[in-house]
Every structure is written in structure tokens, then in C-alpha cells.
Amino acid sequence: QKEVEQNSGPLSVPEGAIASLNCTYSDRGSQSFFWYRQYSGKSPELIMFIYSNGDKEDGRFTAQLNKASQYVSLLIRDSQPSDSATYLCAAEFGNQFYFGTGTSLTVIP
Amino acid sequence: DAGVIQSPRHEVTEMGQEVTLRCKPISGHDYLFWYRQTMMRGLELLIYFNNNVPIDDSGMPEDRFSAKMPNASFSTLKIQPSEPRDSAVYFCASLTDSTDTQYFGPGTRLTVL
């Protein structure tokens, strides 16, 4: 059973703070990992993907992957109220994508 | 490109009725995925196609669900007969190997009374 687990939250951070979202996965065969943002009533939209161990930065977002620990994280720097959403972590295995249940983030102005 | 297109956006039906959800993937994408999202279970993969061929339908909950992809630009997910527990948001997504990135449609919110 391929599972992806996330801390369900809800997570609340003040505006301007760093939000840290975490995800673990069960299948060591997974090679690609994705973070999606989903606003209430909308579809998931891709924020970042990461394939290699280490950090990958894109603007205010940093994805971190540790394959030995089977751990993926997303850091959001200088959090804005517009970042308030549910964040979904996904692991790809053989063209199938396994999603976590999501972490709800609220950024308080 | 218009992105992934789904119809209808909302569907309300009565238990026992047949429901058909439709999806048009992004042109050139050779993979198509159907997902179901509920508060309790999150986003679940139901079935996916590669080049119009169903590859894995192990996520289809039961025989009441069926999916087809008659050509590269159209897919349907059918529920017959529908039950209240089928109420959920159904997403279609497409992907191409060259980018390995899924793009989701806007979803169909299904309510079965």
C-alpha cells in the first residue's frame, strides 16, 4: 500500500512568518514529489515538484526532499493571507500519483 | 491552451439515476486521470489512461463505476446506478511524459440525493 501522510493541521501562522508543511511517504520506489495548493472550492494547482535530495527554491517557496527518511517538506517564507489554502503532497510511482489528505494553512493578517 | 475541461460543473441527481461526467484533456497530453475528492478520504485516484488505454482501474470503487476514453480528446466517467455515498467532487487531470506534471480540471461537484 503506497501511502502519503501529512500533518492535517490546521496550521495557523501570522503574516510574514515561515509556514512549514510536512509529508512522509511509504514507498521507497517513489521518485518524484509534488506540492499542490488547493483553495476552497477550486482544483489543485501545482506549486513545485522535486526529484532530487536536498532543497529546491522557487520564489517564496522551498521544497525539501530526504529520500533516506522518506520525507518531503514545503516552506513558505514571508507568508501572505493569499497563501491560506489546503496544501496537498503527492508522490509519483509508475505514473500513478498518491496524494496526502492535505494540510490546511491559515495566514493571519 | 484552455486547460483541462470538465462538464458539468455541478450535478444533482437522485439515487438510482445514471450520472455521466465528461472530460477533455489538454491537447497533446497522453495521460488522463480521474480522481474523487471527499473530506474523509481526500483525493483518490479512480482510474488512469495512457494513449486512450485504461492502465489501472484498481481505484474504481465498484462495478457501478465505469470509464471510457474513445479518443485522445474525450473521456467519460459513468456511475450507474448512483448512490448518496458517491457524492463528492470528481476531478479529471492530464499529463504528458515530457513535463511529468499533472494539470487538473475544475472538477464536477456531484450530489446524489
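Check the entry above for the structure.
The structure displayed is predicted, hence computed values, not measured ones.

Comments concerning the overall build of chain B
Each helix and strand in chain B was counted, giving 0 helices and 11 strands. Projected onto its principal axes, the C-alpha coordinates of chain B cover approximately 40 × 25 × 25 Å. Burial statistics for chain B: of 113 residues in total, 49% are counted as buried. Carbon and sulfur atoms provide 50% of the accessible area of chain B, an area that totals close to 5500 Å². Positive and negative side-chain charges of chain B, numbering 10 and 14 respectively, have mean locations separated by a distance of 5 Å.

Quick notes on the interface of chain B and chain A
Taken together, the 20 residues of chain B in the interface contact 18 residues of chain A. The largest share of the area that chain B buries against chain A comes from B:Leu43, B:Asp100 and B:Phe104, three residues that together contribute 32% of it. Applying the counting rule to chain B against chain A returns 0 salt bridges. If you list the elements that add at least two residues to the side of chain B that touches chain A, you get strand E4 (31-38), strand E5 (42-50) and strand E9 (88-95) of chain B. Of the residues belonging to the side of chain B that touches chain A, the class tally is 10 nonpolar, 6 polar and 4 charged.

So, how was this worked out
Residues numbered from 1 in each chain as written. Chains lettered and ligands numbered in written order. Predicted model: local features only at pLDDT ≥ 70, side-chain atom pairs only at ≥ 80, totals over all residues. Heavy atoms only, no water. Helix = DSSP H or I, 4+ residues; strand = E, 2+ residues; numbered from the N terminus. Buried < 20%, exposed > 50% of the residue type's maximum accessible area, 1.4 Å probe, protein only. Areas by Shrake-Rupley, 256 points an atom, 1.4 Å probe, with all protein chains shown as cover. Lys, Arg positive; Asp, Glu negative; His and termini not counted. Charge placed at Lys NZ, Arg CZ, Asp CG, Glu CD. Contact = heavy atoms within 4.5 Å. Buried area = accessible area lost by both parts, 1.4 Å probe. Salt bridge = Lys/Arg side-chain N within 4 Å of Asp/Glu carboxyl O. Nonpolar A, V, L, I, M, F, W, Y, C, P; charged D, E, K, R; others polar.

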